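Okay, here's what each chain looks like letter by letter:
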Amino acid sequence: MEIHLPDVPVMEIFSYLDAFSLLQAAQVNKSWNLAATSDSLWRKLCKKRWLCYDLSLDTLGAQTWKEYFLRKTRQEHSMSRAKPEDFIYKEMSGDFVEGTAYYLSGSGLTYNGQGKSIVCVVTSMTRLTTWDIREGAMTWVSPIQPTCIMRLATLPELRLAITVDMEATIKVWNCYDKDALATNSMFASCQILKAVLTKDGPIVLVYLMKSLLRPSEYPTPVCTTINYTLSFKAFWTPRREDRITLLSQRGPRQVSKFVTFDIELERTEDGIDAKVASFTLPSDVKAPEWMGVSDKDVIVCSSGTSLLVYNMKGFQLQRLQDYPAEIMRLLVDPLHVIVTYIDGSLEVYMWEESSPYLKKCYHLQNPRHMGMLPKTLCDNVSIIRVVTKGPNCCFLMAYVLKVCS
């Protein structure tokens, strides 16, 4: 006997279901199948998981939101279940500037099951270049800029790159036209350049992207200054454009303290408010060299050979020590935590879907001597590092998944 409910209550009930439950509901009958495949329900799930604000299906390369959700989820699972032998190792040589490589592609799966990673990197200090990691080929190069490019950020969802040069000129590039889409001047250069996609649109640092592209309509960007002494490192929270965490170290014993600011982006009479939460690491914990923050409201830091995970109140959730070598670098993003050890090898972790805990995925050995230990970046198709071997010797080192299915 079929179950019949009015369309509105069914959609209301289904709006509370997760993806797995929606797929199960779609098997009940034709009426439920029609409701459970509604684009509005799957778009809501995509926005919640990946913050696909104001992005069209054409931009994302999918016919429906359900198709995009399932394709993206399969891609994530492929990366988390991979083994070291599932990766192809590639190198690309060039006059790359260390620490300036960022993904330009959203690394979405194509219909044949292959993933594509496009990386944007500063080359020769005065040019931007893009590289197809799987093919190992350069795909675009900008004109030579009048001064050195000091900072680079990207918005892979919109395929945009943002640069700041020595003269504090900020530019927006689509990385296929010759010239920049927009140019503006800041009153001073910046130490950190960050681009994020929010429900209010793309934001670059304290500049609204709209104020760059349409300055006549948005002449005064929202901005604020946070004064905090002895700040050692800073990290913007992924998917949280209003939260920044600072790490400070004080005294000869390097007492380490994390301070988190929640910044109100709306204007107030007194400017922009900042709310703070903080905690100090126990005295028996070695002062961390590297840190990162997850949108799960947790802080990840390294201490010698250990990886430590804390909530915002300072409660230790995990202490991981899966490899007997000192941790030299960390990558923390919404999906992964990647640890680089002193011998250049990598430990890859992924966040559990509904908890603030990490699960170990695999260990990738270093195929060659690394020289200076590089910055690491990762999407769901590849893991990339820009390696410096000397004053005039840099290369992109990449582990690329053979197949994403």
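Note that the structure is a prediction, hence the values are computed from the model and not measured.

## Some points on the packing of aromatic side chains
Applying the stated rule across the entire model yields 9 aromatic pairs. Here Phe279 and Tyr310 contribute two aromatic rings whose centre-to-centre distance is 5.6 Å and whose plane-to-plane angle is 40°, an arrangement assigned as tilted. In this pair, Phe279 sits in strand S16 (residues 274-280) while Tyr310 sits in strand S19 (residues 306-311), placing the two residues 31 residues apart along the sequence. Phe279 sits in the buried class, given a relative accessible area of 8%. By relative accessible area, Tyr310 is classed as buried at 1%. An aromatic cluster of three or more residues is present, and its members are Phe258, Phe279 and Tyr310.

## As for the environment of Leu330
With respect to the element layout, Leu330 can be found in strand S21 (residues 327-332). Taking the C-alpha atoms as reference points, Leu330 and Thr340, separated by 10 residues in sequence, lie 6.3 Å from one another. When neighbours within four sequence positions are excluded, Leu330 is seen to be in contact with Trp290, Met291, Val300, Cys301, Ser302, Leu307, Ile338 and Val339.

## Details of the nonpolar core
If you look at the biggest cluster of nonpolar residues, it comprises 30 residues, and the most contacted ones within it are Phe258, Val300, Leu307, Val337, Val339, Tyr349 and Leu358. Elements with a minimum of two residues in this core: strand S17 (291-294), strand S18 (298-303), S19, strand S20 (316-320), S21, strand S22 (336-341) and strand S23 (346-351). Sequence-distant contacts of Val339, defined by excluding residues within four places in its chain, comprise Leu307, Ile327, Arg329, Leu330, Ser345, Leu346, Glu347 and Tyr349.

## Considerations on the pairing of strand S15 (residues 255-263)
In terms of strand pairing, strand S14 (residues 243-250) meets S15 through 8 bridges, oriented antiparallel. From the neighbouring strand, Arg250 faces S15, where its bridge partner is Val255. The turn joining S14 and S15, which pair antiparallel and follow one another in sequence, is formed by 4 residues; a positive phi near 80° is taken by Gly251.

## Here we look at helix H6 (residues 65-81)
For H6, which comprises 17 residues, the first-to-last C-alpha distance of 24 Å matches the rise-based estimate of 24 Å (1.5 Å per residue) to within 8%. All buried positions along H6 are accounted for by Trp65, Tyr68, Phe69, Arg71, Lys72, Thr73, Gln75, Glu76, Ser78, Met79 and Ser80.

Cut-offs used in this document
- Residues numbered from 1 in each chain as written.
- Predicted model: local features only at pLDDT ≥ 70, side-chain atom pairs only at ≥ 80, totals over all residues.
- Heavy atoms only, no water.
- Phe/Tyr/Trp six-rings, centres within 6.5 Å; stacked < 30°, edge-to-face > 60°.
- Helix = DSSP H or I, 4+ residues; strand = E, 2+ residues; numbered from the N terminus.
- Buried < 20%, exposed > 50% of the residue type's maximum accessible area, 1.4 Å probe, protein only.
- Contact = heavy atoms within 4.5 Å.
- Core = buried A, V, L, I, M, F, W, Y, C linked by side-chain atoms within 4.5 Å.
- Pairing = 2+ DSSP bridges.
- Expected span 1.5 Å × (residues − 1).

Keep in mind these values describe shape, not function.
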